[in-house]
Protein chains: 2
Amino acid sequence: MKIILDAFGGDNAPKAAIEGAALAVKELGVQIVLVGDSEKINAVIKENNIVFPENTMEIIDAPEVFDMHEEPTSLLKKNANTSLAVAFKALAGGQGDAIVSAGSTGAIVVGGTLIVKRIKGVKRPALGSMIPAPKGSYMLMDMGANAECRPEMLAQFGVMSSVYLNRVMGRENPSIALLNIGTEDTKGGALQLESYKLLGKAPINFVGNVESREMPKGVVDGVVTDGFTGNIALKLIEGTSITMFKLVKEKLYKNIFNMLAALVIKKDLYELKSMMDATEVGGAPLLGVAKPVIKAHGNSNAVAFKNAIRQAKIFTENDVIGAISADIAKFNAEAENEQA
Amino acid sequence: MKIILDAFGGDNAPKAAIEGAALAVKELGVQIVLVGDSEKINAVIKENNIVFPENTMEIIDAPEVFDMHEEPTSLLKKNANTSLAVAFKALAGGQGDAIVSAGSTGAIVVGGTLIVKRIKGVKRPALGSMIPAPKGSYMLMDMGANAECRPEMLAQFGVMSSVYLNRVMGRENPSIALLNIGTEDTKGGALQLESYKLLGKAPINFVGNVESREMPKGVVDGVVTDGFTGNIALKLIEGTSITMFKLVKEKLYKNIFNMLAALVIKKDLYELKSMMDATEVGGAPLLGVAKPVIKAHGNSNAVAFKNAIRQAKIFTENDVIGAISADIAKFNAEAENEQA
């Protein structure tokens, strides 16, 4: 299996990306296609003594880097020579099985939707994010690909989440809930009311509404929402966790007694922080496009890149694309029959 | 000043409400109108030796209690004899200056909007919630009164928040931001794009978009959003904080060493928990209605009731209603001029 890696996406690129690729080759037995300025890639490999055994790595040269502040759609023309654009074209052209990038989220959505193209019948591709929780992680989808959504889109997010959770995360009959402001089916705005009905007809284990107060506990496997709310929620969990840890830390450094106590529990608290740190769960899948696309966290280190590559591998191995195609076709056919 | 208190709203009613009222009389020098089953109220006062000095308390009899699971609009007819409905009618009839209730949020919005009535020119009343943060609390509005909002409504929320933050919370020239998925003015859906423009023209210190990752730090005084997103955000902060404290606690009880360390820092962590506990900041104002309405937290204890009464007092004293009326009239006039 060949995973295409945008070597110049993310805060720690290209070094962390290339090191993560080498780890992935060693531990996961995949082949890697590094995309980016080949001279720089070779220099980083040499300087850091990174080892790729023979026939495990190739480079596709792409001289430019996609800047995070560029308009996502500029990927298609103005920024067509960036590592991100060239990587997506390589995926569309069959030069690899899946793609991993820690670059611009918006541009990855554009690359997936317009270069790799959608799965037939999918209205809008969406980004899922695995969020750590005490009862095990859960997937929030859409976490930002579509700021405005229609009910049919949310229902499809439910179908796609369910397939991914089952085939990549190993959840049996994953429970899928709609994020809402109350548990009753009369809650929310027009989008939630209609989405609730459609999700109830989808070929998934739909368990109704989930309130955001309960969500962080990990009470369901998948939470479906529009990309605006999903993005707000994801960043709010991050922001609240960061703020809380900062406050706890301040208390621990308050005086000498607390500092001594802190020495004892430090390791456990770091463990907790690491558990709540979203980068640990790997990358975010862009579901609904015709090939496996994984968005790695912007501040990914080598291990996070390796984890994202592992996710891309499982994604590909377990034919998530085939299963989504089949379930979406089934769901759409039933919806059409009902209308007829 | 006379504050009307729904004695039967909230999980700990009527005892906590009545005790909070007695504390408020003693500490804040207000008069209280308790609304609810007068026999039960008198029994609770007697059993618990609660003391109201002469001429500081009166009772309006209302035999029924509004059940949290009832439809909010049932307040008007089916549930017109509940303490909540009678309290709102007393406020509308001038039997007191302001109202405090820990009852159903939806019914309080109905009571404010349809019994007390809106301020002229206000499109929709909205609920603000003061959320604790390291840099000082901030107000999130709307936190759930309107699941669907138009841009003009969000702009008015900004105007009303600004007045409240200034006059009740004592913030000079309070900074108001729009909750969005990015800081650039091109971010978000149609609602955010248009609201951004309108907020920029409002007579407030509008500082642009704020991302939910930054919001928990308390970087601005007020955050404006639609009631769906606001409700999701509020409950997500609560849910994430609760989950985090639970996880920290589990680590502290992991073994004997941690437990000893925990003894040292316990007090500080409780302090932190109490700081993050939304009930500490008092009640949530319903802004845009013609009289002061404060929604106390459902699980309010006596101190929380007293704090909510204090907020109602400052709300009334500082003529928030008059200032909102003036600012909304000014804002609407400018918007009309621009269209003409």
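The structure under discussion appears in the preceding block.
Now for a description of the structure that goes with this document.

The rules we used
Residues numbered from 1 in each chain as written. Chains lettered and ligands numbered in written order. Predicted model: local features only at pLDDT ≥ 70, side-chain atom pairs only at ≥ 80, totals over all residues. Heavy atoms only, no water. Least-squares fit on C-alpha atoms with pLDDT ≥ 70 in both. Contact = heavy atoms within 4.5 Å. Phe/Tyr/Trp six-rings, centres within 6.5 Å; stacked < 30°, edge-to-face > 60°. Helix = DSSP H or I, 4+ residues; strand = E, 2+ residues; numbered from the N terminus. Buried < 20%, exposed > 50% of the residue type's maximum accessible area, 1.4 Å probe, protein only. Patch = residues over 30% accessible without salt bridge, like charges linked within 9 Å, V, L, I, M, F, W, Y side chains within 5 Å. Areas by Shrake-Rupley, 256 points an atom, 1.4 Å probe, with all protein chains shown as cover. Salt bridge = Lys/Arg side-chain N within 4 Å of Asp/Glu carboxyl O. Arc of directions from axis to C-beta. Polar contact = N/O pair within 3.5 Å; in protein donor to acceptor, adjacent residues only side chain to side chain.

**Topic: the relation of the copies chain A and chain B**
At an RMSD of 0.0 Å, chain A and chain B line up after a rotation of 180° and a shift of 0.0 Å along the axis. When the rotation and shift are considered jointly, the pair of chain copies conforms to a two-fold rotation axis. Distance from the rotation axis, computed per C-alpha, reaches its smallest value in chain A at Ala-261 of chain A: 2.2 Å. Take the interface residues of chain A: 100% of them recur as interface residues in chain B, which is what a same-surface contact looks like.

**Regarding the packing of aromatic side chains**
Residue and element names in this part refer to chain A. Across all of its chains, the model carries four aromatic pairs over all chains by this definition. Look at Tyr-196 and Phe-206: their rings are 5.3 Å apart centre to centre, the planes differ by 80°, and that puts the pair in the edge-to-face class. One end of the pair, Tyr-196, is in helix H6 (residues 190-201); the other, Phe-206, is in strand E8 (residues 205-210), and ten residues separate them in sequence. By relative accessible area, which is 23% here, Tyr-196 ends up partly exposed. Note on Phe-206: relative accessible area 18%, which makes it buried.

**What about a nonpolar patch on the surface?**
Together, Ile-256, Phe-257, Leu-260, Leu-263 and Val-264 of chain A together with Ile-256, Phe-257, Leu-260, Leu-263 and Val-264 of chain B give the surface a local cluster of nonpolar side chains, amounting to about 1000 Å² of exposed area. If you list the elements that add at least two residues to the nonpolar patch, you get helix H8 (256-276) of chain A together with helix H8 (256-276) of chain B. Examined against the element boundaries, Ile-256 of chain A turns out to sit in helix H8. Relative accessible area serves as the criterion here: at 54%, Ile-256 of chain A is assigned to the exposed category.

**Structural notes on helix H2 (residues 38-47) of chain A**
Residues and elements named next belong to chain A. Restricting attention to buried positions, one finds in H2 the residues Ile-41, Val-44 and Ile-45. The buried residues of H2 all sit within an arc of 100° when viewed along its axis, so they share a single face. Summarising the geometry of H2, the exposed residues directed more than 90 degrees from the buried face are Glu-39, Lys-46 and Glu-47. Capping of H2 at its N-terminal end is provided by Asp-37; its side-chain oxygen lies 3.0 Å from the backbone amide nitrogen of Glu-39.

**Topic: the pattern of salt bridges**
When the charged atoms of two side chains lie near each other, side chains of opposite charge can form a pair. Residue and element names in this part refer to chain B. Per the counting criterion, the structure on display carries 24 salt bridges over all chains. Here Lys-2 ties to Glu-58 by a salt bridge, and the two come within 2.9 Å at their closest N and O atoms. Of this pair, Lys-2 sits in strand E1 (residues 2-6) while Glu-58 sits in strand E3 (residues 57-61), placing them 56 residues apart in sequence. Classification of Glu-58 by relative accessible area gives partly exposed; the value is 33%.

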